[in-house]
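Here is what each chain is made of, one letter per residue.
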Amino acid sequence: MRRVDLRSDTVTQPTAAMREAMATAQVGDDGFGEDPTVARLEARYAALVGKEAALFVPSGVMANQIALRVLSQPGDVVVAGRNQHVVEFELGAAARNAGIQFATLDDRRGVLDASAVAELIAAEAHHRPHVSLVCVENTHMPSGGTPWELAELRELAGVLEGRALHIDGARLFNAVAATGVSAADYAAPATTVMSCLSKGLCAPAGSLLAASAELIARARVERKRLGGAMRQVGVLAAAGLIGLETMTARLSEDHHRARRLAEAVARAFPASSYDPGTCRTNIVAFEHAAPSQLLDALAERGILADTIGPTRVRLVTHAQIGDEDVDYVTDALDTLTR
Ligand SMILES: Cc1ncc(COP(=O)(O)O)c(C=O)c1O
């Protein structure tokens with residue numbers, strides 16, 4: 001039976017070019033700042049997002065947590081979307097690691113309303129805690145991989161009155177592929193920006209956090225405190241470099257395939273009111289009354305899907321999903337409901 005794994009783009013395998021680059025990577029002790037491949041990767045990402053410096057970290061969660069720690073103090077308010085990864089999918093890490101409290105806003109459209117953020121900032125003058133930071137997610141995973149429009153991001157940045165803005169860009173390059181906005185233009189209004197190498201870009205591990213040189217020096221200390229300093233990690237950075245250099249260009253293929261799945265989902269589950277037009281990148285996220293039954297029925301056909309809420313199902317395309325896999329899944333969805 002065919003196996004089609006749509007649970008996440010994190011299931012991607014490193015490419016042959018990555019494995020070769022890993023085998024031959026020049027490495028050193030990154031604890032002493034002596035790994036030349038890590039240095040190249042950090043410089044490359046910093047250049048792509050137009051920041052002074054970057055830091056290679058083990059995971060996207062750690063990149064977000066370090067951003068919280070360098071941009072806020074315990075007790076501060078961090079504004080974020082109700083469903084964002086940093087709020088809902090990091091197992092309370094923000095409370096544990098940064099001692100902040102979230103003020104969460106509606107993010108069903110994938111974006112935050114600038115006027116709602118401005119209201120929270122204005123509330124400071126009325127005995128409310130200090131808002132130090134706003135976090136956005138681009139693309140926004142739970143709403144179905146929604147990319148931010150640059151104008152909306154700039155509008156949001158315009159109301160912050162000097163507060164910091166962090167972009168959780170775990171899938172920033174998907175947003176770039178979908179909108180044509182460059183990574184640097186997206187990152188320009190932000191204080192810090194992070195991206196994952198181990199999702200659509202196929203590297204086996206690692207994320208990058210970029211900001212000013214001063215903030216990245218502080219981020220380096222926080223990485224050490226969280227136990228994320230690594231040694232001859234150029235073997236991973238080498239794969240990450242291939243991801244940044246060669247894998248971003250193919251992301252729109254994943255987007256086309258996700259769109260085909262989105263249309264099949266809308267046909268199969270009209271009760272979900274799912275609009276396939278909202279699928280602009282590689283994630284199809286839709287409401288379903290009985291997700292575990294659906295996941296079981298798909299699994300019987302070798303199709304793996306996942307849930308991101310009690311009634312929310314997610315299908316994610318990536319480099320290991322081809323057109324024939326999509327044909328197979330759309331056929332299965334069509335027959336499931338017949
Ligand atoms: C939007 C977003 N941010 C952060 C992360 C965390 O990345 P990691 O799994 O590498 O810790 C994820 C992972 O799925 C994500 O989707």
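Residues numbered from 1 in each chain as written. Predicted model: local features only at pLDDT ≥ 70, side-chain atom pairs only at ≥ 80, totals over all residues.

### Concerning the overall build of the protein chain
Right, on to step 1. Per the secondary structure count, the protein chain includes 14 helices and 12 strands.
Right, on to step 2. Rg of the C-alpha trace for the protein chain: 20 Å, near the compact-globule value of 20 Å for 338 residues, within the 12% margin.
Right, on to step 3. Structurally, the protein chain occupies a C-alpha span of about 60 × 55 × 35 Å along its principal axes.
Right, on to step 4. Across the 338 residues of the protein chain, 48% fall into the buried class.
Right, on to step 5. Put simply, 76% of the contacts in the protein chain that link residues at least 6 apart link residues at least 24 apart. (Helix = DSSP H or I, 4+ residues; strand = E, 2+ residues; numbered from the N terminus. Rg over C-alpha atoms; globule rule 2.2 N^0.38 Å. Buried ≥ 20, exposed ≤ 12 C-beta atoms within 10 Å, placed from the backbone. Contact = placed C-beta atoms within 7 Å.)

### So, the nonpolar core
Right, on to step 1. Counting 79 residues, the largest nonpolar core has Tyr 45, Leu 209 and Ala 210 as its most contacted members.
Right, on to step 2. Sequence-distant contacts of Ala 210, defined by excluding residues within four places in its chain, comprise Tyr 45, Ala 46, Val 49, Lys 51, Ala 53, Ala 54, Ala 187, Thr 192 and Val 193.
Right, on to step 3. Ala 264, Val 265, Tyr 274 and Ile 321 belong to the second-largest nonpolar core, a separate cluster that totals 27 residues. (Core = buried A, V, L, I, M, F, W, Y, C linked by C-beta atoms within 7 Å.)

### Details of the sheet that holds strand β2 (residues 53-57)
Right, on to step 1. Strands sit in the order β2-β8-β7-β6-β5-β3-β4 across an open sheet of seven strands; the sheet is mixed. If you trace the sheet from one side to the other, it starts and ends with β2 and β4 (101-105), each paired once. Looking at each pair of strands side by side, their axes are set apart by 20° on average, direction ignored.
Right, on to step 2. Pairing of strand β7 (residues 192-196) with strand β8 (residues 207-211), which is carried by four bridges, proceeds in the antiparallel orientation. Opposite Ser 195, over in β8, you have Leu 208 as the bridge partner. (Pairing = 2+ DSSP bridges. Axes fitted to C-alpha atoms, helices over the stretch in contact; angles between N-to-C directions.)

### Describing unusual backbone geometry
Right, on to step 1. Going from Asn 138 to Thr 139, the amide bond is cis rather than trans, its omega being 0°.
Right, on to step 2. Within the element layout of this structure, Thr 139 appears in the loop between β5 (131-137) and α7 (150-157).
Right, on to step 3. Positioned with a positive phi, Leu 91 is a non-glycine residue whose angle comes to about 55°.
Right, on to step 4. Tracing the backbone shows Leu 91 in the loop between α4 (85-88) and α5 (93-97).
Right, on to step 5. If you check the backbone angles, Glu 161 has positive phi at about 45° while not being a glycine.
Right, on to step 6. Position of Glu 161 relative to the elements: it lies in the loop between α7 and β6 (164-168).
Right, on to step 7. Residue Glu 161 is classed as exposed on the basis of its 10 C-beta neighbours within 10 Å.

### Some points on the site of the ligand
Right, on to step 1. What surrounds the ligand is the set Ser 59, Gly 60, Val 61, Asn 64, His 85, Glu 137, Met 141, Asp 168, Ala 170, Cys 196, Ser 198 and Ser 207.
Right, on to step 2. In terms of residues, the shell around the ligand owes the most to one element, helix α3 (residues 60-71), which gives three residues.
Right, on to step 3. Grouping the constituent residues of the shell around the ligand by class yields four nonpolar, six polar and two charged. (Near = placed C-beta within 6 Å. Nonpolar A, V, L, I, M, F, W, Y, C, P; charged D, E, K, R; others polar.)

### A look at the confidence of the model for the protein chain
Right, on to step 1. With 100% of its residues at a pLDDT of at least 70, the protein chain reaches an overall mean of 97.
Right, on to step 2. When the elements of the protein chain are averaged for pLDDT, helix α14 (residues 323-336) gives the smallest value, 95, and β8 the largest, 99. (pLDDT = per-residue confidence, 0-100.)

### Looking at the domain arrangement of the protein chain
Where interface size is given, it is often the accessible area lost as the parts come together that is meant.
Right, on to step 1. Domain assignment breaks the protein chain into domain 1 (4-11 + 250-336) and domain 2 (16-248).
Right, on to step 2. Using only C-alpha atoms to locate each centre, domain 1 and domain 2 end up separated by 27 Å.
Right, on to step 3. Facing 18 residues of domain 1, the contacting portion of domain 2 comprises 19 residues.
Right, on to step 4. Per-element accounting of the side of domain 1 that touches domain 2 gives the leading share, four residues, to helix α12 (residues 251-268).
Right, on to step 5. For the side of domain 1 that touches domain 2, a count of residues per class yields seven nonpolar, seven polar and four charged. (Domains from an automatic or database assignment.)

### Quick look at the sheet that holds strand β12 (residues 312-316)
Right, on to step 1. As summarised here, the arrangement of the three strands in space is β9-β12-β11, forming an open sheet in which the pairing is antiparallel. Every other strand in the sheet has two partners, leaving β9 (283-287) and β11 (306-309) as the edge strands with one partner each. Strand-to-strand twist in this sheet, taken as the mean axis angle between neighbours without regard to direction, amounts to 30°.
Right, on to step 2. For β11 and β12, the ladder comprises three bridges, and the chain directions are antiparallel. By the bridge assignment for β12, Thr 307 is matched with Val 313.
Right, on to step 3. Strands β9 and β12 of the sheet are contacted by α12, whose axis makes an angle of about 15° with β9.

### Describing the packing of helix α8 (residues 172-179) against α12
Two quantities define a packed helix pair, namely the angle between the axes and the distance from one axis to the other.
Right, on to step 1. Closest axis-to-axis distance for the α8/α12 pair is 9 Å, and the angle between their directions is 75°. Comparing the axis directions of α8 and α12 gives the class roughly perpendicular. Counting all contacts with α8, which are made through Phe 173, Asn 174, Ala 177 and Ala 178, the residues of α12 involved are Leu 251, Ser 252 and His 255.
Right, on to step 2. Of the residues assigned to the contact of α8 with α12, the class counts are four nonpolar, three polar and no charged. (Parallel < 35°, antiparallel > 145°, perpendicular 65-115°, else oblique.)

### Regarding the packing of helix α1 (residues 16-24) against helix α11 (residues 234-247)
Right, on to step 1. At a minimum axis distance of 8 Å, the contact between α1 and α11 shows a crossing angle of 145°. Along this stretch, α1 crosses α11, giving a crossing that reads as right-handed. Judged by residue contacts, Ala 17, Met 18, Ala 21 and Met 22 of α1 engage Val 235, Ala 238, Ala 239 and Ile 242 from α11.
Right, on to step 2. Across the contact of α1 with α11, the residue classes tally to eight nonpolar, no polar and no charged. (Left-handed = near helix turned anticlockwise from the far one by under 90°.)

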